[in-house]
Amino acid sequence: MSEPPTSEPDRPRRKRREAAAPSPASLVDPAIAAPVRAAVAACREQRGNLIPILHEIQRTLGHVPEDAVPVLAEELNLSRAEVHGVITFYHDFKPSPVLGPKVQVCRAEACQAVGAEELFAAAPGLCGTVEQVFCLGNCALGPSVAIDGRVYGRMTASRLREVLA
Ligand code: FES
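Definitions and cut-offs
- Residues numbered from 1 in each chain as written.
- Predicted model: local features only at pLDDT ≥ 70, side-chain atom pairs only at ≥ 80, totals over all residues.
- Heavy atoms only, no water.
- Helix = DSSP H or I, 4+ residues; strand = E, 2+ residues; numbered from the N terminus.
- Buried < 20%, exposed > 50% of the residue type's maximum accessible area, 1.4 Å probe, protein only.
- Contact = heavy atoms within 4.5 Å.
- Areas by Shrake-Rupley, 256 points an atom, 1.4 Å probe, with all protein chains shown as cover.
- Salt bridge = Lys/Arg side-chain N within 4 Å of Asp/Glu carboxyl O.
- Phe/Tyr/Trp six-rings, centres within 6.5 Å; stacked < 30°, edge-to-face > 60°.
- Polar contact = N/O pair within 3.5 Å; in protein donor to acceptor, adjacent residues only side chain to side chain.
- Core = buried A, V, L, I, M, F, W, Y, C linked by side-chain atoms within 4.5 Å.
- Pairing = 2+ DSSP bridges.
- Axes fitted to C-alpha atoms, helices over the stretch in contact; angles between N-to-C directions.

Draft legend 1. The arrangement of the overall build of the protein chain in detail. Looking only at helices and strands, the protein chain has nine helices and four strands in total. Along the chain direction, N to C, the helices and strands of the protein chain fall in the order α-α-α-α-α-β-α-α-α-β-β-β-α. Out of the 165 residues belonging to the protein chain, those deemed buried represent 33%. At a minimum sequence separation of 6, the contacts of the protein chain that also span at least 24 residues come to 60%. Summed over its atoms, the accessible surface of the protein chain is roughly 10,500 Å², and 54% of this surface lies on carbon and sulfur atoms.

Draft legend 2. Structural context of the pattern of salt bridges. This model, assessed by the stated rule, comprises seven salt bridges. For Arg-37, the salt bridge goes to Glu-74, with nearest N and O atoms at 3.4 Å. Residue Arg-37 is found in helix α2 (residues 30–43), and its partner Glu-74 is found in helix α4 (residues 68–76); the two are separated by 37 residues along the sequence. Of the charged contacts, one joins Lys-102 and Asp-92 as a salt bridge, the two residues approaching to 3.6 Å between their closest N and O atoms.

Draft legend 3. Examining the packing of aromatic side chains more closely. Overall, the coordinates contain two aromatic pairs when judged by the stated rule. Between Phe-89 and Tyr-90 the ring centres are 5.0 Å apart and the planes differ by 85 degrees, which places this aromatic pair in the edge-to-face class. What makes Phe-89 exposed here is its relative accessible area of 60%. Consider the rings of Tyr-90 and Phe-93, whose centres lie 6.1 Å apart with planes at 75 degrees: the pair is edge-to-face. Using a relative accessible area of 38% as the deciding quantity, one classes Tyr-90 as partly exposed. Take Phe-93: its relative accessible area is 5%, and that puts it in the buried class. Here the aromatic cluster, defined as three or more aromatic residues joined through ring pairs, consists of Phe-89, Tyr-90 and Phe-93.

Draft legend 4. Unusual backbone geometry, seen in detail. Note that the residue after Gly-142, namely Pro-143, is joined by a cis bond; omega there is -5 degrees. Position of Pro-143 relative to the elements: it lies in the loop between β2 (130–133) and β3 (145–147). The backbone of Arg-154 sits at a positive phi, close to 45 degrees, despite the residue not being glycine. You can see Arg-154 is positioned in the loop between β4 (150–152) and α9 (157–164).

Draft legend 5. Seen up close, the side chain of Glu-131. The residue Glu-131 is located in strand β2 in this model. In this structure the side chain of Glu-131 is engaged in a polar contact, spanning 2.6 Å, whose partner is the side chain of Lys-94. Setting aside its immediate chain neighbours within four residues, Glu-131 contacts His-91, Asp-92, Lys-94, Lys-102, Val-103, Gln-104, Val-105 and Phe-120.

Draft legend 6. Seen up close, the nonpolar core. By size, the foremost hydrophobic cluster in this structure holds 22 residues, and its most contacted members are Val-36, Ile-53, Leu-54, Ile-57, Val-64, Leu-72 and Ile-87. Those elements giving two or more residues to this core turn out to be α2, α3 (50–61), α4 and α5 (80–89). When sequence neighbours within four positions are dropped, the list of residues in contact with Ile-87 reads Leu-54, Val-64, Val-69 and Phe-93. By size, the runner-up hydrophobic cluster in this structure holds 11 residues, among which are Val-103, Val-105, Ala-123 and Tyr-152.

Draft legend 7. Structural detail: the sheet that holds β3. An order of β2-β1-β3-β4 is seen for the four strands of this open sheet, with the pairing classed as mixed. With one partner strand each, in any of the chains shown, β2 and β4 form the two edges of the open sheet. Each strand axis lies, on average, 25 degrees off the axis of its neighbour in the sheet, ignoring direction. Relative to β3, strand β1 (residues 103–106) runs antiparallel, the two being bridged by three bridges. Paired with Val-105 across the two strands is Val-145, which belongs to β3. Those strands touched by α9 are β1, β3 and β4, and its axis lies near 10 degrees from that of β3.

Here's what the structure looks like:
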């Protein structure tokens, strides 16, 4: 026996059901949604607040999880695509927790001239995740490396190994 065609009186009921559907943000694990909403509250008044909010989320959670996207979209009245686009545009925002220290090797000209390329090639064998950056403001003391935000000059592979240890 086939289903009867949807009659006119059914339409309002379907609309009511659709209206009651949970928002994507409401389905996010509270362990993620709560710090994301806290970051929004802390930075809401700042101009261009999405970037500071993302930094705050990363500072709090150690990364910017994919589940933050629907919460941010709802809180900031943006599309999820807009939020996702900003997160993926900036390499600073990590989609999953970064294990170990954050190591950045400067590959700009002044550091290249004193051995940054060799250091950059050797670094992954010493510490896993390495990012390239272009100038840490320490050009006179290159090659320069930043480890968890602290800048070190005159870096060599063996010194990097020591500092990481
Ligand atoms: S060029 Fe490397 S710190 Fe400036």
